[in-house]
Amino acid sequence: MTHATGGSNLRVDGEALWTDLMETARFGGTPKGGIKRLTLTAEDRQVRDWFVKACEDLGCAVSCDSMGNLFARRPGRDDSLPPITMGSHLDTQPTGGKFDGILGVLGGLAVLRALREAGHVTRHPIELINWTNEEGSRFTPPMMCSGVFAGVFTEQEVLDKRDRAGLRFGEELEAIGYRGEEICGRHPLAAYFELHIEQGPILEAEDRTIGAVAGVQGMRWYEVTVRGRDAHAGSTPMPLRHDTLLASARMIAALAEVARAHAPGVGTVGLIENRPNSNNVVPGETFFTVDIRHPDDGVVAAMEAAFQARFRAIAEAGGVTLDIVPIWDAPAVHFDPACVAMVADAAREAGFDPRPIVSGPGHDAAYVARVAPTAMIFVPCKDGLSHNEEESITQADAQAGANVLLGAILRADAAF
Ligand SMILES: [Zn+2]
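From a predicted model like this one, the values you see are computed outputs, not experimental measurements. Residue positions are given per chain, counted from 1 along the sequence in the order it is written. Only residues with pLDDT of 70 or above have their local features reported here, since the model is predicted, and side-chain atom pairs are shown and tallied only from 80 upward, although totals for entire chains, interfaces and linings are computed over all residues. As a rule here, side-chain values cover all heavy atoms of the structure and leave hydrogens and water aside.

### Let's talk about helix 9 (residues 297-318)
Phase 1 of the analysis: An ideal rise of 1.5 Å per residue puts 32 Å on 22 residues; helix 9 measures up with 32 Å between its terminal C-alpha atoms.
Phase 2 of the analysis: Taken together, the buried positions of helix 9 are Val300, Met303, Phe307, Gln308, Phe311, Ile314 and Ala315. Buried residues in helix 9, looked at end-on, bunch into an arc of 130°, giving them a common side. Seen from the buried face of helix 9, the exposed residues on the opposite side, beyond 90 degrees, are Glu316 and Ala317.
Phase 3 of the analysis: Note on definitions: a residue-residue contact is assigned when non-hydrogen atoms from the two residues lie within 4.5 Å. Only DSSP runs of H or I with at least four residues qualify as helices, and only runs of E with at least two residues qualify as strands; both kinds are numbered from the N terminus onward. Buried residues in helix 9 make contact with strand 7 (218-227), helix 8 (244-261), strand 9 (266-268), strand 12 (285-294) and strand 13 (321-330).
Phase 4 of the analysis: Taken from the residues just after helix 9, Gly319 is the one with a positive phi, measuring 65°. The span expected for a helix works out to 1.5 Å for each residue beyond the first. The classification of residues rests on relative accessible area computed with a 1.4 Å probe and restricted to protein chains. Under 20% of the type maximum is buried, over 50% is exposed, and intermediate values are partly exposed. The arc in question is the one spanned by the directions pointing from the helix axis to the C-beta atoms.

### Things to note about the nonpolar core
Phase 1 of the analysis: In this text, buried Ala, Val, Leu, Ile, Met, Phe, Trp, Tyr and Cys residues form a nonpolar core when linked through side-chain atoms within 4.5 Å. Among the nonpolar cores identified, the biggest contains 103 residues, and Leu21, Phe51, Leu103, Phe169 and Phe193 are the most heavily contacted of them.
Phase 2 of the analysis: By convention here, the domain bounds are inherited from an automatic or database domain assignment. Formed jointly, this core draws a minimum of three residues from each of two domains, domain 1 (14-217 + 332-415) and domain 2 (218-330).
Phase 3 of the analysis: Listed in part, the 20 residues of the second largest apolar core include Val226, Ala247, Ile292 and Ala315.

### A few points about the coordination of the zinc ion
Phase 1 of the analysis: The zinc ion binds to the protein through His89 (NE2), Asp100 (OD) and His196 (NE2); the donor distances cover 2.0 to 2.2 Å.
Phase 2 of the analysis: Note that water is not among the atoms used; donors are N, O and S atoms within 2.8 Å of the metal (3.2 Å for Na, K and Ca), so sites may look incomplete. For the zinc ion, the donor residues sit on a single chain with the sequence spacing H-x10-D-x95-H. Here the residue His89 occupies a position in the loop between strand 3 (84-88) and helix 3 (102-118), and Asp100 occupies one in the loop between strand 3 and helix 3, the gap between them amounting to 11 residues.
Phase 3 of the analysis: Relative accessible area serves as the criterion here: at 0%, His89 is assigned to the buried category.
Phase 4 of the analysis: Residue classification places Asp100 among the buried positions, given a relative accessible area of 5%.

### A word on the UniProt feature "binding site: Zn(2+) 1" (unreviewed entry) in the chain
Phase 1 of the analysis: UniProt positions are given in the numbering used here, feature names are shortened, and annotations may be inferred rather than shown by experiment. The UniProt record marks His89, Asp100 and His196 with the feature "binding site: Zn(2+) 1" (unreviewed entry), using the residue numbering of this structure. The greatest C-alpha distance among the residues just named is 9.7 Å, despite their covering 108 residues of sequence, which places them together in space.
Phase 2 of the analysis: A distance of 3.2 Å separates a polar atom in the side chain of Asp100 from a polar atom in the side chain of His89.
Phase 3 of the analysis: In this structure, His196 sits in strand 5 (residues 191-197).
Phase 4 of the analysis: Among residues more than four places away in sequence, those in contact with His196 are Ser88, His89, Asp100, Gly101, His363, Met376, Ile377, Phe378 and Val379.
Phase 5 of the analysis: In protein, a polar contact means a hydrogen-donor-capable atom and an acceptor-capable atom, both N or O and within 3.5 Å, with residues adjacent in sequence counting only if both atoms are side-chain atoms; elsewhere, any N or O pair within 3.5 Å suffices. Side-chain polar atoms of His196 contact the side chain of Asp100, separated by 2.9 Å.

So this is what it looks like as structure tokens:
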């Protein structure tokens, strides 16, 4: 019998969790041991089909909303209550690892399995969620469909998004067969917990197993287009050039200086396109993205002002024009203190000393926190490495994280 505070001797099956992680890694598996499973591709459909079957095999009913978000529901004693939920994402970066997002979904599956095998019936229904397009790699921005769920984006603006090949989100969602009937967002949640790898070096460096995540740092994204003039590389003297790649290189270096001046702020240029990109032509147009982040929204605003001033000065000195378009603004997120405490208590009960931590990366939980009490659980990943095929965690840490997720869910079931 479960104790009223949520304490219990229920435990997840770590072997089965690891088997699931390795089995689903085949869908989009790369020769280097990572996963390329971009949202709304054939590989995404394959892993969704696997997920639906695995949940149904555990006695859950799976529903799909109009953005392709999947909800696997395990009934509770009082099915009129909104569900206690957990989840993450099964899509990956083009050279992604086996655990980013996937651990949160399959860790949730391990929780459902533990409840079933123990014959434990919760008061609330328990739901496991797979959010569509968390990564934002194929269709920008990230956390797109948890964003629609939370009212951050409209359904129509997301359906009209196009990838770099010009393919439309709405048609690609239809094509994989996961555009559901339920209108996205009309699905009340009592609470939401997301287990995720840290994607940073702190837990490993401090030899800690569980991070109790207090929130997510603020972040803003921009698209920058620098325009100059294509010219012959042999006949155009240096002072007469309008070289957009050279100006962009200086801007990229300036962004790094701005980030360092606002520690622990970070600034990144991760995507660049150069035209005409020919070995004997002075580049006449360069496009790149900018990503800045800091735990304090005020400092994010200061970083924005600083890098834009530096970019303008560099453009002027280089004889090129500059267009900076803000494309995404995610304010700093502060998770529900009661849910964060449930994570910390569940960690202690499982024998771990939880490390309070603020997330560097964004997560679906950051948007879900706008509509439901939310918290996250972090486990370490080797060398803090993520968005990389070498991304690596231990089976013991995966199991520990899923056990803390289970403990948090049981606490929430008792508390809400
Ligand atoms: Zn993720």
